[in-house]
Amino acid sequence: MTNLTKFEEVNESFTLAEAIQEAQRCLECKAPMCQRACPIENEIPSWIRELKKGNLGNAISIIRQKSNLPSICGRVCAHERQCEGACVLGRQGNAIRVGKLERFVADFDAEARLTHDNIPEHTRGRVAVIGSGPSGLTVAGDLSHMGFAVEIFEAEPHCGGVLRYGIPEYRLPKEVVAREVHHIQAMGVAIHRECSVGSGKSIDDLFSDGFDAIFIGTGLSHPNTLDIEGGNSKDVVWALHFLTKYQLFREGLADENEINVSKGHRVYVIGGGNTAIDAARTAVRLGARVEILYRKTAEQMPALKSEYEEAVSEGVGFRWMTNLKAVHCDSNGEMTDILVESQDLENGALKELTLSADRVILAIGSSPSTRLVRASNGVESDKGGYIITRESPYGMTSRKGVFAGGDVANRQSTVVHAMRDAKQVAVGIAKYIDAIKLVESL
Ligand code: SF4
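This section reports on the structure supplied with the text.

Rules used throughout
- Residues numbered from 1 in each chain as written.
- Predicted model: local features only at pLDDT ≥ 70, side-chain atom pairs only at ≥ 80, totals over all residues.
- Heavy atoms only, no water.
- Helix = DSSP H or I, 4+ residues; strand = E, 2+ residues; numbered from the N terminus.
- Rg over C-alpha atoms; globule rule 2.2 N^0.38 Å.
- Buried < 20%, exposed > 50% of the residue type's maximum accessible area, 1.4 Å probe, protein only.
- Contact = heavy atoms within 4.5 Å.
- Near = heavy atom within 4 Å.
- Nonpolar A, V, L, I, M, F, W, Y, C, P; charged D, E, K, R; others polar.
- Core = buried A, V, L, I, M, F, W, Y, C linked by side-chain atoms within 4.5 Å.
- Domains from an automatic or database assignment.
- Axes fitted to C-alpha atoms, helices over the stretch in contact; angles between N-to-C directions.
- Parallel < 35°, antiparallel > 145°, perpendicular 65-115°, else oblique.
- Left-handed = near helix turned anticlockwise from the far one by under 90°.
- Salt bridge = Lys/Arg side-chain N within 4 Å of Asp/Glu carboxyl O.
- Phe/Tyr/Trp six-rings, centres within 6.5 Å; stacked < 30°, edge-to-face > 60°.
- Pairing = 2+ DSSP bridges.
- Patch = residues over 30% accessible without salt bridge, like charges linked within 9 Å, V, L, I, M, F, W, Y side chains within 5 Å.
- Areas by Shrake-Rupley, 256 points an atom, 1.4 Å probe, with all protein chains shown as cover.

**Focus: the overall build of the chain**
Tallying secondary structure elements over the chain gives 17 helices and 15 strands in all. Compactness check: the chain gives a C-alpha radius of gyration of 23 Å against a globular reference of 22 Å for 442 residues, within 12% of the reference. Projected onto its principal axes, the C-alpha coordinates of the chain cover approximately 70 × 55 × 45 Å. Per-residue burial over the chain gives 52% buried out of 442 residues. Pairs at least 24 apart in sequence give 69% of the contacts found in the chain among residues at least 6 apart.

**Focus: the site of the ligand**
Within the structure, the ligand sits among C26, L27, E28, C29, C34, P45, C87, V88 and I96. Of the residues in the shell around the ligand, the class split is eight nonpolar, no polar and one charged.

**As for the nonpolar core**
Counting residues in each nonpolar core, the largest one holds 41 residues, and the members touching the most others are I72, V129, L143, L163, L172, F403 and I429. The set of elements that each furnish at least two residues to this core consists of α5 (70-76), β1 (126-130), α8 (134-145), β2 (149-153), α10 (174-186), β4 (213-216) and α17 (415-441). Looking at which element gives the most residues to this core, the answer is α17, with eleven residues. Counting the residues that make up this core, at least three belong to each of domain 1 (16-112) and domain 2 (126-221 + 368-441). Among residues more than four places away in sequence, those in contact with L172 are I72, R75, V76, L163, I167 and V177.

**Examining the packing of helix α3 (residues 44-52) against helix α4 (residues 56-66)**
Running from amino to carboxyl end, α3 crosses α4 at an angle of 165°, the nearest separation of the two axes being 7 Å. Classed by the angle they form, the pair α3 and α4 counts as roughly antiparallel. Crossing of α3 against α4: the hand is left-handed. The segment α3 lies against α4, with S46, W47, E50 and L51 engaging L56, N58, A59, I62 and I63. Looking at the contact of α3 with α4 residue by residue, the class counts come to six nonpolar, two polar and one charged.

**Considering the pattern of salt bridges**
Here the structure, examined in full by the defined rule, presents 29 salt bridges. The partner of D107 in a salt bridge is R179, and the shortest N-O contact between them spans 2.5 Å. You can see D107 sitting in helix α7 (residues 98-112) and its partner R179 sitting in helix α10, a full 72 residues away along the chain. With a closest N to O distance of 3.2 Å, D212 and K437 form a salt bridge. With a gap of 225 residues between them, D212 in the loop between α11 (203-208) and β4 and K437 in helix α17 connect regions that are remote in the sequence. Look at K437 and you get partly exposed, because its relative accessible area is 31%. When salt bridges with common partners are traced through the structure, they connect R171, D278, R281, R285, E307, E310 and E314 into a single cluster.

**Some words on the packing of aromatic side chains**
Counted according to the given criterion, the structure contains six aromatic pairs. Pairing F153 with F211 gives two aromatic rings, centres 6.0 Å apart and planes at 85°, and the pair type is edge-to-face. In this pair, F153 is assigned in strand β2 and F211 in the loop between α11 and β4, connecting sequence segments 58 residues apart. When the centroid spacing of 5.9 Å and the interplanar angle of 55° are considered together, the rings of Y308 and W320 count as tilted. Highlighted residues: Y308 in helix α14 (residues 305-313) and W320 in the loop between β9 (317-319) and β10 (322-329), separated in sequence by twelve residues. The exposure class of Y308 is partly exposed, given its relative accessible area of 25%. Given a relative accessible area of 19%, W320 falls into the buried group.

**Examining unusual backbone geometry**
Residue P393 is bonded to the preceding S392 through a cis peptide linkage, with omega at -10°. Among the structural elements, P393 can be located in the loop between α15 (371-374) and β15 (402-404). Located in the positive-phi region is E194, a residue other than glycine, with phi close to 50°. For E194, the location among the structural elements is in the loop between β3 (190-192) and α11. The phi torsion at N260 lies on the positive side, around 75°, for a residue other than glycine.

**A look at the pairing of strand β13 (residues 359-362)**
Both faces of β13 are covered, namely the face carrying R359 and I361 and the face carrying V360 and L362. Examined bridge by bridge, strand β7 (residues 266-270) and β13 share four bridges and lie parallel to one another. Considered in β13, the bridge of V269 is made with I361.

**Points about a nonpolar patch on the surface**
Together, L438, V439 and L442 make up an exposed nonpolar region whose accessible area comes to about 370 Å². With respect to the secondary-structure elements, V439 resides in helix α17. The class of V439 is exposed, set by a relative accessible area of 57%.

**Focus: the sheet that holds β10**
Strand order in the open sheet made by the three strands is β10-β11-β12, with antiparallel pairing throughout. Pairing within the sheet leaves two strands with one partner each, and these edge strands are β10 and β12 (350-356). For this sheet, the mean angle separating the axes of adjacent strands, direction not counted, is 20°. Where strand β11 (residues 335-343) meets β12, seven bridges bridge the pair, whose relative direction is antiparallel. Residue pairing for β12: D337 is matched across the bridge by S356.

**Notes on the side chain of D278**
Relative to the helices and strands, D278 resides in helix α13 (residues 274-285). Relative accessible area serves as the criterion here: at 2%, D278 is assigned to the buried category.

Set out below in structure tokens:
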């Protein structure tokens, strides 16, 4: 079993010799299935070929042509469902460890500083990026490469959004996030921290400041809730808030008691995605006894199999086909137990159970915060609060010059899918600004 006092990164990296040995197994397929399965079409065989020869500088240059966040993708992408899941060698159960190789190359580059970006003049126009999660960082990096002057506005003291606050340290060390943010800054992107657009500056202010286009990449910060008896109890906590408080505590920015989960607590996590697993594994590290309650079967759980297996090995319990029906508290408002309904996997019979409980963590998804949309004249959203965008120019909202992408426009997705969308929006923004500049010059 993993040492559960350990909050540091769990998975270890390759050594240089191991990485080259692993790269040498790659067949350099003519029609690489790994590349086709990558949402951002990372040119995997090309950079693996360079790695085989020990040309790590060339390898990272090829990777960075498609990704601004390689050391993050190498750690948190769903490789088993994407590149590694599609690798032809996987048929013999021995797929190339593409994620671990990408992580190795990116980390090696960060330490050895093999490459220096060719930074173009930023003369094509000015873009404001609101939010510094995966989509904001991707749009900023891509537009900077294309010759635009980009400024990021981030409400929190640190950049990264869900990368910094929503994914635990043991899966994604925060120094890695800071490193990728620093790389984007080094490309000439300015960052304004603790600068909230919506409650402070408005979209109108940004246009008045001379920005040609604005990108909204604020993600999903409004947690979904359960409309059940006791659902508003103080001991029902939202997974993203729990993970955020925990990270802030680690950084000395929150008190330990704000984490709301401690040693000996009986904790039930509701949900079946990676966030549920992250919350459960973090609670285990805090000394809690943890079970995940999921309304479907193990096979239907959206979390990665590898994450599930790690959670099991760390002592997280699972109850399948189980719904939370009610939360019961004593006269002081302290949680005492929960009522759940489980369906028998064999005969389908339903039965109710009462389980002693101290905390419930909800990991049942999030939706966009409505604050920014409310404060942004002319930006329309649907009933769920998701910003409505168009196909041409890709990502533009109902307000001219205001674009949106990532989860705030497309519903919850993985880091790399948010990046894929953001890359398309960056192209849409570039086309839009070039067009208005051309018209202005006539
Ligand atoms: Fe290499 Fe596998 Fe991709 Fe083929 S599919 S190029 S073997 S990583």
